[in-house]
Amino acid sequence: MERKNILGSGRAYVLFVIAVFVFMITSADIAGAQSAAQCKEERRILVNACKSVITRKPPSAYCCQRLRVTNVNCVCPVITPQLAALIDVNYAIRVIQSCGRQVPRHFKCGSITTP
């Protein structure tokens with residue numbers, strides 16, 4: 001609850017936490033640049049698909065699917081130091097692994113590096 005107050009809105013908190021999930025599911029073979037509008041749409045879809053994860057409910061099948069297909073290059077640029085301070089990286093890793101994805105060790109995305 002306190003984290004929502006820091007960001008000022010529940011929607012902003014959801015966006016930032018979901019963005020962190022995405023950065024950890026990438027692999028080296030992600031290719032293809034997307035426009036800013038396409039990236040914004042990918043983030044919007046992901047946030048809507050995974051809202052329940054914020055309340056620590058298990059991710060839905062659709063959320064897992066979105067975590068697997070969202071382009072990390074659309075997410076990493078929004079991970080600022082202020083956002084990184086609000087992320088529970090260990091929880092994010094557990095969610096991603098529950099969706100059947102490996103989490104790269106020492107992966108840098110924005111201001112976060114995975115353990």
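Described in the following lines is the structure provided in the data block. Here the structure is a predicted model, which is why all the values come from computation and not from measurement.

Rules used in this analysis
Residues numbered from 1 in each chain as written. Predicted model: local features only at pLDDT ≥ 70, side-chain atom pairs only at ≥ 80, totals over all residues. Heavy atoms only, no water. Helix = DSSP H or I, 4+ residues; strand = E, 2+ residues; numbered from the N terminus. Areas by Shrake-Rupley, 256 points an atom, 1.4 Å probe, with all protein chains shown as cover. Core = buried A, V, L, I, M, F, W, Y, C linked by side-chain atoms within 4.5 Å. Buried < 20%, exposed > 50% of the residue type's maximum accessible area, 1.4 Å probe, protein only. Contact = heavy atoms within 4.5 Å. Disulfide = S-S within 2.5 Å.

1. Points about the overall build of the protein
And step 1. Check the secondary structure of the protein and you find seven helices and two strands.
And step 2. Counting only carbon and sulfur atoms, one obtains 55% of the accessible surface of the protein, whose full area is about 6300 Å².

2. Section: the nonpolar core
And step 1. One finds Ile 79, Ile 87, Val 89, Cys 109 and Ile 112 to be the most contacted residues of the largest nonpolar core, which totals 13 residues.
And step 2. Only α6 (81-84) and α7 (89-98) provide two or more residues apiece to this core.
And step 3. Cys 50, Val 53, Cys 63 and Cys 99 belong to the second largest nonpolar core, which has ten residues in total.

3. Some points on the environment of Ser 111
And step 1. Positionally, Ser 111 belongs in the loop between β1 (108-109) and β2 (112-113).
And step 2. Take Ser 111: its relative accessible area is 32%, and that puts it in the partly exposed class.
And step 3. For the pair Ser 111 and Val 78, spaced 33 residues apart in the sequence, the C-alpha separation amounts to 9.1 Å.
And step 4. Among residues more than four places away in sequence, those in contact with Ser 111 are Ile 79, Thr 80, Pro 81 and Ala 84.

4. Some points on the state of the cysteines
And step 1. Taken as a whole and judged by the stated rule, the model has four disulfides.
And step 2. Bridging Cys 39 to Cys 74, the disulfide has an S-S length of 2.0 Å. One disulfide, between Cys 39 and Cys 74, carries an S-S torsion of -60 degrees and so falls in the left-handed class. Highlighted residues: Cys 39 in helix α3 (residues 36-49) and Cys 74 in the loop between α5 (61-69) and α6, separated in sequence by 35 residues. Each of the two residues, Cys 39 as well as Cys 74, counts as buried.
And step 3. The disulfide that involves Cys 50 links it to Cys 63, with 2.0 Å between the sulfurs. With the S-S dihedral at roughly 110 degrees, the linkage between Cys 50 and Cys 63 falls on the right-handed side. Here Cys 63 lies in helix α5 and Cys 50 lies in the loop between α3 and α4 (51-54), a separation of 13 residues in the sequence.
And step 4. With a relative accessible area of 0%, Cys 50 lands in the buried category.
And step 5. Ordinal numbering of bonded cysteines along the protein defines a disulfide pattern of 1-5, 2-3, 4-7, 6-8.

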